[in-house]
Amino acid sequence: MRTKKLLSAATTFRLHKNKIPPIIKESLQSVKKSSVQSSPPLIPKGPSVLATSLINSYFEKGLIKEARMLFDEMPERDVVTWTAMIAGYTSLNYHTQAWVMFVEMVRNEVNPNAFTLSSALKACKGMKCLMHGALVHGLAKKKGLEGSMYVDNSLMDAYATCCVSMDNACMVFEDMKVKNAVSWTTLIAGYTHRGDGHGGLRVFRQMLFEEVEMNPYSFSIAVRACASTGLVVFGKLIHAAATKHGVGSNLPVMNSILDMYCRFGCLSEANHYFHEMTEKDLITWNTLIAGYERLDSSESLNIFSKMESEGFSPNCFTFTSVMAACANLAVLSCGQQVHAGIISRGLDGNLALANALIDMYAKCGNISDSQKIFSGMSDRDLVTWTSMMIGYGAHGYGKEAVELFDEMVKLGVRPDKIVFMAVLSACSHAGLMDEGLRYFESMMSDYNINPNQEIYGCVVDLLGRAGRVKEAYELIESMPFKPGESIWGALLSACKAHKLPNLGKLAAGRLLDLRPNMMGTYVMLSNIYAAEGKWGEFAKLRKIMRGMGSKKEAGRSWIEVRNQVRSFVVGDKMGSHTQYVYKILDLLIKHMKEAGYVHDIDCLIHDIEDGT
DNA sequence: CTAGGGTTAG
């Protein structure tokens with residue numbers, strides 16, 4: 001009783017930074033005295049219990065230094081104290097310190113128990129270090145702690161996250177004589193977190209089959225697994241099963257179900273269940289905002305403002321999605337307003353958020369602000385570099401993108417596939433052929449990265465621009481997968497530019513197989529026929545094009561003017577301001593002609609579309 | 001003093 005009272009007093013009133021509560025100090029000293037004076041100790045259960053509880057309180061409040069100081073001052077420490085330190089460090093993601101503590105403990109010949117080993121395994125998982133995990137596994141065997149549910153479960157978890165395959169985790173799972181819901185959930189999560197949703201679903205099905213008692217955790221991870229497979233029918237089944245098992249109103253479960261419908265693209269279902277939810281938290285809103293961002297960005301912004309009006313305060317997850325929505329819509333002043341909100345909440349140091357800001361400013365045409373954000377960042381990850389390079393590339397700043405890439409490599413950051421894609425596309429857009437081809441070589445020989453469809457597309461474009469069209473075609477032939485639209489499109493442009501009618505016809509044919517209604521392809525193909533003087537073929541194509549012209553939905557553009565978004569299409573005569581627009585256009589065209597611009601034949605595409 | 005679930009970035 002007294003311990004409890006003291007403890008609460010200590011934790012409530014005396015948790016000051018850099019100061020060990022006097023009451024603890026006294027009791028620690030009383031141990032030393034009591035052993036000499038043999039008077040009854042101040043605290044019945046022993047001071048280490050109190051100190052250990054205090055260590056936990058420190059960690060709960062994130063006061064690592066204080067916890068450590070108290071630990072260091074303790075005259076004697078038992079397993080529980082050591083374990084509290086290890087668990088405390090891991091709970092704050094200080095996995096290395098946790099591991100050091102564990103090693104230190106073993107060196108001090110303190111005998112670890114099941115609690116210790118499961119905490120140590122959590123540190124191994126956090127460090128993604130298989131070796132350490134295996135070491136603990138060996139120790140567990142030696143100490144006869146294999147068979148403890150906690151040890152086995154965390155061992156499974158460590159193996160699932162540290163190993164390249166699920167084999168080790170499965171082995172532990174199968175060897176377990178007794179399994180509980182946590183064991184099953186951990187296995188499902190292991191598959192799901194490595195992107196194998198099907199594997200996760202398989203285990204979940206087995207779990208249902210063996211009639212293991214279900215809890216909300218098993219359902220939310222199963223829903224997550226299902227979301228990544230795209231199996232809508234299964235998703236609805238699991239949703240129904242969750243309702244049947246009485247977890248259909250559990251908030252995390254509903255949040256993941258909401259996320260699942262969003263990922264399936266079932267926004268009306270997502271919206272329906274969102275409104276049916278009686279309890280919502282910030283994650284609920286964030287899930288919906290993120291879901292809409294991918295498919296309907298402007299609605300995403302509406303949901304965001306509704307969220308704020310209902311009294312929820314956005315966090316960095318919210319802002320990241322909202323920023324992406326602004327980027328998709330290219331609404332600069334809206335993005336700037338949200339940026340102000342980010343700064344006022346002190347979230348501008350968040351890495352993911354800064355990355356999203358770089359992207360937003362770049363997509364809104366404000367590359368200098370992207371640059372400002374980039375140079376003001378104290379730490380950067382691969383996404384940071386990539387976003388900046390993509391921004392440069394989109395603005396035609398190939399040289400800047402290349403320089404940024406080199407700077408990144410010089411700083412010791414290892415580029416991945418997407419960084420290469422960014423720099424290669426920047427090179428191809430800016431016509432930096434030699435640089436681009438050099439990076440392509442380096443990617444394969446120095447970094448062992450296998451190019452994907454998009455990278456091949458960039459390289460075909462680079463080779464094509466350089467006039468090495470035959471090589472580009474050979475590259476396409478050597479690809480380990482079926483070439484897609486962008487590849488044939490790049491080849492076709494190269495053929496047109498370098499006058500290779502036969503290869504051009506082949507490319508156009510493949511392109512039309514993949515997408516029959518592409519007007520641009522017909523235009524290019526007909527131009528090839530025209531250049532060859534094959535007017536019969538030319539006329540035939542033009543006839544086809546006239547027939548399909550009306551079916552094609554016009555490409556829509558939009559700009560933000562004085563906080564309002566105005567959109568328009570080719571030949572737009574709507575709206576009160578179009579007369580000014582056309583006046584400016586005429587002026588621009590006049591200037592261009594004066595500067596020596598020659599009308600390109602590709603503009604014929606407009607003739608077809610308006611039927612003029 | 002111990003394990004398991006949800007949202008985010010190119």
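Residues numbered from 1 in each chain as written. Chains lettered and ligands numbered in written order. Predicted model: local features only at pLDDT ≥ 70, side-chain atom pairs only at ≥ 80, totals over all residues. Heavy atoms only, no water.

As annotated in an unreviewed UniProt entry, chain A carries the name Pentatricopeptide repeat and comes from Melia azedarach.

Draft legend 1. Fine view of the packing of helix α17 (residues 282-295) against helix α18 (residues 297-309). In the contact formed by α17 and α18, the axes pass within 6 Å of each other and the chain directions differ by 160 degrees. Between α17 and α18, the crossing angle belongs to the class labelled roughly antiparallel. Between α17 and α18 lies a crossing whose hand is left-handed. Here Leu282, Trp285, Asn286, Leu288, Ile289, Tyr292, Glu293 and Leu295 of α17 come into contact with α18, specifically with Ser297, Glu299, Ser300, Ile303, Phe304, Lys306 and Met307. Grouping the constituent residues of the contact of α17 with α18 by class yields nine nonpolar, three polar and three charged. (Axes fitted to C-alpha atoms, helices over the stretch in contact; angles between N-to-C directions. Helix = DSSP H or I, 4+ residues; strand = E, 2+ residues; numbered from the N terminus. Parallel < 35°, antiparallel > 145°, perpendicular 65-115°, else oblique. Left-handed = near helix turned anticlockwise from the far one by under 90°. Contact = heavy atoms within 4.5 Å. Nonpolar A, V, L, I, M, F, W, Y, C, P; charged D, E, K, R; others polar.)

Draft legend 2. Just the protein's contact with DNA strand B, in detail. The immediate surroundings of DNA strand B are formed by 42 residues, with Asn215, Pro252, Asp281, Ile283 and Phe317 found nearest. For DNA strand B, the fraction of atoms within 4 Å of the protein that belong to sugar or phosphate moieties is 36%. One of the side-chain nitrogen or oxygen atoms of asparagine 215 is found 2.3 Å away from a base nitrogen of DNA strand B. Take asparagine 286: an N or O atom from its side chain is 3.2 Å from a base oxygen of DNA strand B. Taken together, the residues that form the surface near DNA strand B break down as 15 nonpolar, 18 polar and nine charged. (Near = heavy atom within 4 Å. Polar contact = N/O pair within 3.5 Å; in protein donor to acceptor, adjacent residues only side chain to side chain.)

Draft legend 3. Seen up close, the state of the cysteines. This model, assessed by the stated rule, comprises zero disulfides. For cysteine 427, which is in no disulfide, the shortest distance to another cysteine sulfur is to cysteine 458 and amounts to 8.9 Å. With a relative accessible area of 0%, cysteine 427 lands in the buried category. A residue is classified by how much of its surface remains accessible, and cysteine 458, at 9% relative accessible area, is buried. (Disulfide = S-S within 2.5 Å. Buried < 20%, exposed > 50% of the residue type's maximum accessible area, 1.4 Å probe, protein only.)

Draft legend 4. Region of interest: the layout of surface pockets. Its boundaries defined by the atoms lining it, the second largest pocket holds a volume of some 390 Å³. As for the second largest pocket, its lining consists of 15 residues, and the residues nearest its centre are Asn286, Thr287, Ala290, Phe317 and Ser321. Looking at the lining of the second largest pocket, the elements that each hand over two or more residues are α17 and α19 (316-329). A total of six residues in the lining of the second largest pocket trace back to one element, the largest contributor, which is α17. (1 Å grid on protein atoms, 1.4 Å probe; cavity = no way out; pocket = protein on both sides within 12 Å on 5 of 7 lines; lining within 4 Å. Points joined across faces, edges and corners; volume = space filled by probe spheres on them.)

Draft legend 5. View of the pattern of salt bridges. Per the counting criterion, the structure on display carries 15 salt bridges. Between aspartate 259 and arginine 263 there is a salt bridge whose closest N-O contact spans 2.9 Å. Taken as a pair, aspartate 259 and arginine 263 lie in helix α15 (residues 251-264) at a separation of four residues, close to a single helical turn. When its relative accessible area of 40% is taken as the criterion, arginine 263 is described as partly exposed. A salt bridge links arginine 468 to glutamate 471; its shortest N-O distance comes to 2.9 Å. Overall, arginine 468 belongs to the partly exposed group, its relative accessible area being 35%. Several salt bridges converge on common partners, so that one network encompasses Lys505, Glu532 and Lys534. (Salt bridge = Lys/Arg side-chain N within 4 Å of Asp/Glu carboxyl O.)

Draft legend 6. Structural view of helix α20 (residues 332-344). When the terminal C-alpha atoms of α20 are compared, their 18 Å separation across 13 residues agrees well with the 18 Å that a helix rising 1.5 Å per residue should span. Within α20 the residues assigned to the buried category are Ser333, Gly335, Val338, His339, Gly341 and Ile342. Of the residues trailing α20, glycine 346 is marked for its positive phi of about 70 degrees. (Expected span 1.5 Å × (residues − 1).)

Draft legend 7. A look at unusual backbone geometry. Here the phi dihedral of glutamate 211 falls at roughly 55 degrees; this positive angle occurs in a residue that is not glycine. With respect to the secondary-structure elements, glutamate 211 resides in the loop between α12 (197-209) and α13 (216-229). Of the residues examined, glutamate 211 reaches a relative accessible area of 70% and is grouped as exposed. A positive phi angle, near 55 degrees, is found at alanine 330, a position not held by glycine. Along the polypeptide, alanine 330 turns up in the loop between α19 and α20. We classify alanine 330 as partly exposed; its relative accessible area is 29%.

Draft legend 8. Structural detail: the nonpolar core. In this structure, Ile55, Leu187, Phe219, Met389, Phe420, Leu424 and Leu491 are the most contacted members of the largest nonpolar core, which totals 177 residues. Counting residues per element, this core draws most heavily on α15, at nine residues. (Core = buried A, V, L, I, M, F, W, Y, C linked by side-chain atoms within 4.5 Å.)

Draft legend 9. Structural detail: the environment of glutamate 407. Structurally, the position occupied by glutamate 407 is in helix α24 (residues 398-410). For the pair glutamate 407 and tryptophan 385, spaced 22 residues apart in sequence, the C-alpha to C-alpha distance is 9.8 Å.

Draft legend 10. Geometry of a nonpolar patch on the surface. On the surface, Tyr582, Ile584, Leu585, Leu588, Ile589, Met592 and Tyr597 cluster together to form a nonpolar patch covering roughly 620 Å² of accessible area. Tracing the backbone through its elements, the reader meets tyrosine 582 in helix α33 (residues 578-594). (Patch = residues over 30% accessible without salt bridge, like charges linked within 9 Å, V, L, I, M, F, W, Y side chains within 5 Å. Areas by Shrake-Rupley, 256 points an atom, 1.4 Å probe, with all protein chains shown as cover.)

Draft legend 11. Seen up close, helix α25 (residues 417-430). Taking 1.5 Å per residue as the helical rise, α25 with its 14 residues ought to reach 20 Å, and the 20 Å between its terminal C-alpha atoms agrees with that figure. For α25, the complete set of buried residues consists of Val419, Phe420, Met421, Ala422, Val423, Leu424, Ala426, Cys427 and Ser428. Where α25 is buried, its residues contact α23 (382-394), α24, α26 (433-445) and α27 (453-465). Of the residues that open α25, the one with a side-chain oxygen 3.2 Å from the backbone nitrogen of isoleucine 418 is aspartate 416.

Draft legend 12. Geometry of the packing of aromatic side chains. Taken as a whole, this structure holds 16 aromatic pairs when the rule is applied. Between tryptophan 285 and phenylalanine 312, the ring centres sit 5.9 Å apart and the planes meet at 45 degrees, which makes this aromatic pair tilted. Separated by 27 residues along the polypeptide, tryptophan 285 in helix α17 and phenylalanine 312 in the loop between α18 and α19 bring together distant segments of the chain. Residue tryptophan 285 is classed as buried on the basis of its relative accessible area of 1%. (Phe/Tyr/Trp six-rings, centres within 6.5 Å; stacked < 30°, edge-to-face > 60°.)

Draft legend 13. Focus on the confidence of the model for chain A. In this model, chain A carries an average pLDDT of 85, and 85% of its residues clear a pLDDT of 70 or more. Low pLDDT, under 50, characterises residues 30-44; the stretch is placed with twelve contacts to residues that sit more than four places away or in other chains. Segment residues 602-612 is flagged for pLDDT under 50; beyond a separation of four residues in sequence, or across chains, it makes 15 contacts in the model. (pLDDT = per-residue confidence, 0-100.)

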